[in-house]
Amino acid sequence: MTSDSTLPQSSIPIFRTIADYRKWRNEAFARGQSVGFVPTMGALHNGHLSLVRESLKHNDLTVVSIFVNPAQFAPHEDLATYPRTLPTDLALLEAEKFDVQSNGVEKRTVSAVFVPTVNEMYPSGIVQNVAEQKGTFVEVKGYGHQMEGTSRPTFFRGVATVVTKLFNAIQPNNAYFGQKDIQQALLLKRLSRDLLLAYPDPEHLHIIPTARDPTDGLALSSRNAYLSASGRQVAPTLRAAILAAEEAWNNGCTKDECIAKGVEVVEARKNKARADGLDVNVKLDYLEMNDASTFEVLDSGSRKADTRLVILSGALYVDKTRLIDNNLLGDSHQVLG
């Protein structure tokens, strides 16, 4: 456990180095205790905490990592300004408790927080420009250029690399990811399978439904903190577009017709915001439907089928804040849980 005086005080053990953490993990191995893991970049909100609650429910011990990963930010993206709120994050984690017994006698709390330095995670060094990077990186070929990868071509290389490192360091029995980042979560399931990982194996990498604002359904995200008051009013536009496209899909429309319905919603809400005098710029990055197994874009004339799970996803800029969301069309139990 760290004695770093620069870290906030916390009742939860905080580990800064892999060596110190592994001593703790080896003791858990020796006791036969299961470890659940929730990887985060900090700026925690109820979406992260919903994953923590799942881990507390199903594991003897729960570990949360907080690490803003440089490798998943392109040079023009918001690495320097990404919110870093460690004292608040630790306070939120300290407050999470799960009653193991119905009478509440025994409570589980977060067991450890892993807060590594950049040098600890990237001993060969790291720069944001992929062409200048040196060292070992992980790529899931053929599954990272679609959907989010179209707009962020180096993003999944950075995610796959850091999560592989974290899995190797933490050695979790179970790991928990949110549906909001569905492509990321499914890609990591494939990574776990392809690399023959034991901690966790693919069946123990769990995808948990997206946590949403109870008033308007906006997917919770650390980047929501960037939204202005006007931006927050129009932020649910993407969710509305996805729901319109889903309704069209369920009514038997073709894929192209569904996307058109969603785009209509975006345009209508942009016009309403302008008419209401809101000083906000709304721009649709993409709205698309992809096969959940391959991530390939559905053919334009595709219609609802009982056997195929489809990802309906999109990204929307509200001023400079990029929001993402998705729905799963079909039997989502194939991947969630």
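Relevant structure appears above.
Heads up: these notes are all about the structure in this document. Since this is a predicted model, take the numbers as computed values, not measurements. (Residues numbered from 1 in each chain as written. Predicted model: local features only at pLDDT ≥ 70, side-chain atom pairs only at ≥ 80, totals over all residues. Heavy atoms only, no water.)

1. Here's the deal with the packing of helix 6 (residues 155-170) against helix 7 (residues 182-194)
Working step 1: Look at helix 6 against helix 7: their axes get within 11 Å of each other, and the N-to-C directions meet at 55 degrees. Looking at the two axes, helix 6 sits oblique to helix 7. Considering only the axes of helix 6 and helix 7, their crossing is right-handed. Within the contact between the two elements, helix 6 uses F155, F156, V159, A160, V163 and T164 and helix 7 uses Q183, Q184, L187, L188 and L191.
Working step 2: Of the residues in the contact of helix 6 with helix 7, the class split is eight nonpolar, three polar and no charged. (Axes fitted to C-alpha atoms, helices over the stretch in contact; angles between N-to-C directions. Helix = DSSP H or I, 4+ residues; strand = E, 2+ residues; numbered from the N terminus. Parallel < 35°, antiparallel > 145°, perpendicular 65-115°, else oblique. Left-handed = near helix turned anticlockwise from the far one by under 90°. Contact = heavy atoms within 4.5 Å. Nonpolar A, V, L, I, M, F, W, Y, C, P; charged D, E, K, R; others polar.)

2. Things to note about empty space enclosed by the protein
Working step 1: Applying the stated criterion across every chain yields a total of one cavity of 30 Å³ or more.
Working step 2: Approximately 70 Å³ is the volume found for the largest cavity.
Working step 3: The wall of the largest cavity is formed by L218, A219, S221, N224, A235, L238, R239, L323, I324 and D325.
Working step 4: Among the secondary structure elements, those contributing two or more residues to the lining of the largest cavity are helix 9 (237-250) and strand 11 (321-329).
Working step 5: Within the lining of the largest cavity, the residues separate by chemical class into six nonpolar, two polar and two charged. (1 Å grid on protein atoms, 1.4 Å probe; cavity = no way out; pocket = protein on both sides within 12 Å on 5 of 7 lines; lining within 4 Å. Points joined across faces, edges and corners; volume = space filled by probe spheres on them.)

3. Some words on the pattern of salt bridges
Working step 1: Tallying each qualifying case throughout the model produces 17 salt bridges.
Working step 2: Here E96 and R53 are joined by a salt bridge, their closest N and O atoms 3.0 Å apart. Taken together, the residues span a long stretch of sequence, with E96 in the loop between helix 3 (86-95) and strand 4 (97-99) and R53 in helix 2 (residues 46-58) at a distance of 43 residues.
Working step 3: Take E96: its relative accessible area is 11%, and that puts it in the buried class.
Working step 4: A salt bridge links K255 to E288; the shortest N-O distance between them is 2.8 Å. Taken as a pair, K255 in helix 10 (residues 255-275) and E288 in strand 9 (residues 282-291) lie far apart in primary sequence, 33 residues in all.
Working step 5: On the basis of relative accessibility, which here comes to 6%, the residue K255 falls in the buried class. (Salt bridge = Lys/Arg side-chain N within 4 Å of Asp/Glu carboxyl O. Buried < 20%, exposed > 50% of the residue type's maximum accessible area, 1.4 Å probe, protein only.)

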